Amino acid sequence: LEANMVGSRGCPYDCSFCGAAKSANPDISIRARNPDSIIREMESLALEHGVSAFRFVDDLFLAQAQFMKHCLPKFISAGVADKWVWDATGRINVLAKADDMLLELIVKSGCREVALGIESGSTRMLEYIDKHINPCMILKAVKSLTTRGINVKGYFILGFPTETAVEMQSTISLIEELWDSTEHDTGQFRCSVFEFRPYPG
């Protein structure tokens, strides 16, 4: 039984397609919960409802190294990994630069899967949508997790304005490369692909 949770609000990034981008929410600051509060909520949900898995639905639960270094040791000392598993969203530019110590904190704290907004395999499209990542960083971040037994779910978008058929094929090719490169890892890679969908405003 899985429960959704929120550990933080706000986003420091400005991806041009995203409704949570900082430019679309100038009056919203980033707020992170105290890890002790998060753990108490996990314990309450487990006790009252039999929850054994948690999905952090924040935009970026694993997107700031400082927050991870503060929160994840608390998860470890509370024995979270011995009782439950949890999933969260992450940020490729943070995880691609993460050292072994930070990656091991993610493993030891009970993380089962990290969802990453990859969006495109085209360098031009990644620059166009202000992701501040590139295909090499994507491959490194995914591999650093799957080799440690953490599953990765990649989110992709097809049909961005000005995107060409060749650039769409670059995204498909990247997905296939991620499947191939992680095939023998203990963590698995899977993907969800969406059509670009603009909304008024």
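Everything below is about the structure shown above.
Quick caveat, the model's predicted, so the values are computed rather than measured. (Residues numbered from 1 in each chain as written. Predicted model: local features only at pLDDT ≥ 70, side-chain atom pairs only at ≥ 80, totals over all residues. Heavy atoms only, no water.)

J.: Help me out: how do you make sense of the overall build of the protein in this one?
T.: In terms of regular secondary structure, the protein is built from 8 helices and 8 strands. Taking 201 residues into account, the globule formula puts the C-alpha radius of gyration at 17 Å, and the protein, at 17 Å, falls close to it. Dimensions of the protein along its principal axes, counting C-alpha atoms only, are 50 × 45 × 30 Å. When the accessible area of the protein is evaluated, it comes to approximately 10,300 Å², of which 53% is carbon and sulfur surface. Looking at charge distribution, the protein has the averaged site of its 21 positive side-chain charges lying 5 Å from that of its 26 negative ones. (Helix = DSSP H or I, 4+ residues; strand = E, 2+ residues; numbered from the N terminus. Rg over C-alpha atoms; globule rule 2.2 N^0.38 Å. Areas by Shrake-Rupley, 256 points an atom, 1.4 Å probe, with all protein chains shown as cover. Lys, Arg positive; Asp, Glu negative; His and termini not counted. Charge placed at Lys NZ, Arg CZ, Asp CG, Glu CD.)

J.: When you look at the packing of aromatic side chains in this model, what are you seeing that I'm missing?
T.: In this description, an aromatic ring pair is defined by two values, namely the gap between the centres and the angle between the planes. The full count for this structure, using the stated rule, is 10 aromatic pairs. On the numbers, 5.8 Å between centres and 55° between planes, the contact of Phe 17 with Phe 160 is tilted. Of this pair, Phe 17 sits in the loop between strand S2 (8–9) and strand S3 (31–32) while Phe 160 sits in the loop between strand S7 (151–158) and helix H8 (165–182), and the two are 143 residues apart along the sequence. Judged by relative accessible area, which is 3%, Phe 160 ranks as buried. The structure contains a cluster of three or more aromatic residues connected by ring pairs, namely Phe 56, Phe 61, Phe 67, Phe 75 and Trp 86. (Phe/Tyr/Trp six-rings, centres within 6.5 Å; stacked < 30°, edge-to-face > 60°. Buried < 20%, exposed > 50% of the residue type's maximum accessible area, 1.4 Å probe, protein only.)

J.: What should I look at first to understand the pattern of salt bridges in this one?
T.: When the charged atoms of two side chains with opposite charge come close together, those side chains can pair. Scanning the model with the defined rule gives 12 salt bridges in all. One salt bridge in this structure joins Glu 2 and Arg 55, with 3.0 Å as the shortest N-O distance. You can see Glu 2 sitting in strand S1 (residues 2–5) and its partner Arg 55 sitting in strand S4 (residues 53–56), a full 53 residues away along the chain. Residue class for Glu 2 comes out partly exposed when judged on its relative accessible area of 36%. Arg 55 gets classed as partly exposed once you look at its relative accessible area, which sits at 25%. The salt bridge involving Asp 87 is made with Arg 55; its shortest N-O contact spans 3.0 Å. One end of the pair, Asp 87, is in strand S5 (residues 85–90); the other, Arg 55, is in strand S4, and 32 residues separate them in sequence. Shared partners join several salt bridges into a network, and the residues in it are Glu 2, Arg 55, Asp 87 and Arg 112. (Salt bridge = Lys/Arg side-chain N within 4 Å of Asp/Glu carboxyl O.)

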